[in-house]
Amino acid sequence: MYGFSYQGYAQLLAAGADTHEPFALKAIAPAMAPWHARETWATENGALRLRGALGWATQIAAESARRAGDAEAFAQLMAESATLNTRAPCQARPAYMDLLRKYSHYERWLDTPAEDPYWAKISPASKVTVIAKRNLPTMILGGWYDTHLASTLATYEALRSLSTSDIYLRIGPWQHFPWD
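In what follows, the accompanying structure is described. (Residues numbered from 1 in each chain as written. Predicted model: local features only at pLDDT ≥ 70, side-chain atom pairs only at ≥ 80, totals over all residues. Heavy atoms only, no water.)

Considerations on the pairing of strand S6 (residues 167-175)
Point 1. Bridge count for strand S5 (residues 138-145) against S6 is seven bridges, and the pairing is parallel. Across the sheet, the residue bridging to Gly-142 is Ile-171, located in S6. (Pairing = 2+ DSSP bridges. Helix = DSSP H or I, 4+ residues; strand = E, 2+ residues; numbered from the N terminus.)

Section: the environment of Pro-137
Point 1. Structurally, Pro-137 is set in the loop between helix H8 (128-133) and S5.
Point 2. In the structure, Pro-137 is positioned 28 residues away from Ser-165 in sequence and 5.5 Å away in space, judged by C-alpha atoms.
Point 3. Contact partners of Pro-137, with chain neighbours within four places excluded, come to Lys-26, Ala-27, Ile-28, Ser-165 and Asp-166. (Contact = heavy atoms within 4.5 Å.)

What to know about the pattern of salt bridges
Point 1. In this structure the tally under the stated criterion is six salt bridges.
Point 2. A salt bridge links Asp-70 to Lys-102, with the nearest nitrogen and oxygen atoms 3.9 Å apart. Remark: Lys-102 occurs in helix H5 (residues 97-103) and Asp-70 occurs in the loop between helix H3 (50-67) and helix H4 (71-83); sequence separation between them is 32 residues.
Point 3. In this structure, Arg-93 and Asp-111 form a salt bridge, with 2.4 Å as the shortest nitrogen-oxygen distance. Of this pair, Arg-93 sits in the loop between H4 and H5 while Asp-111 sits in helix H6 (residues 106-111), placing them 18 residues apart in sequence. (Salt bridge = Lys/Arg side-chain N within 4 Å of Asp/Glu carboxyl O.)

A few points about the side chain of Ser-163
Point 1. Mapped onto the elements, Ser-163 comes out in the loop between helix H9 (149-162) and S6.
Point 2. Side-chain polar atoms of Ser-163 contact the backbone nitrogen of Ser-165, separated by 3.1 Å.
Point 3. Ignoring sequence-local partners within four residues, the contact set of Ser-163 consists of Ala-132 and Asn-135. (Polar contact = N/O pair within 3.5 Å; in protein donor to acceptor, adjacent residues only side chain to side chain.)

Focus on the nonpolar core
Point 1. Among the nonpolar cores identified, the biggest contains 36 residues, and Trp-35, Leu-100 and Trp-109 are the most heavily contacted of them.
Point 2. For this core, the element with the most residues is H3, which contributes six residues.
Point 3. In this structure Leu-100 touches Leu-54, Ala-57, Thr-58, Ala-61, Pro-94 and Tyr-106, once residues within four positions along its chain are discounted. (Core = buried A, V, L, I, M, F, W, Y, C linked by side-chain atoms within 4.5 Å. Buried < 20%, exposed > 50% of the residue type's maximum accessible area, 1.4 Å probe, protein only.)

Just distances and angles here, no functional claims.
Below is the structure:
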């Protein structure tokens, strides 16, 4: 499996799946992916990463509305996404919060305390022993200017210390977007 950002996160979760079924996954290459869902994705030093969290949730909500056939909600969320300016003062609970609540994880991220088991459940870091036991050859990619650099390094260090497979790390002069 290969993937960037959320797709990299999905690879790590797949590799950490607690299953007794035959495991077909043979290698992973997560790029710029979250490792600790709360500490390095939703928040930084306990503060909400408003720009990333709200932007991501708005995109997810729009796609979820589209898939649900809710054309009105899709149109509104796409319009909100196009005009979202988190570099200017903005509300953590915007006027379209009801749509975020219905179609995304955003409210849960805002309201779930740090110690809640929810965060471990959605964090690849909590599945590190399962991932390492699989001994998957792993290429971890990161960017020096990426918002997930801390996750990239934590993923590498955790897997390198526990896995007997080849674990590679490549970091370049990239940011999260645009990743060219």
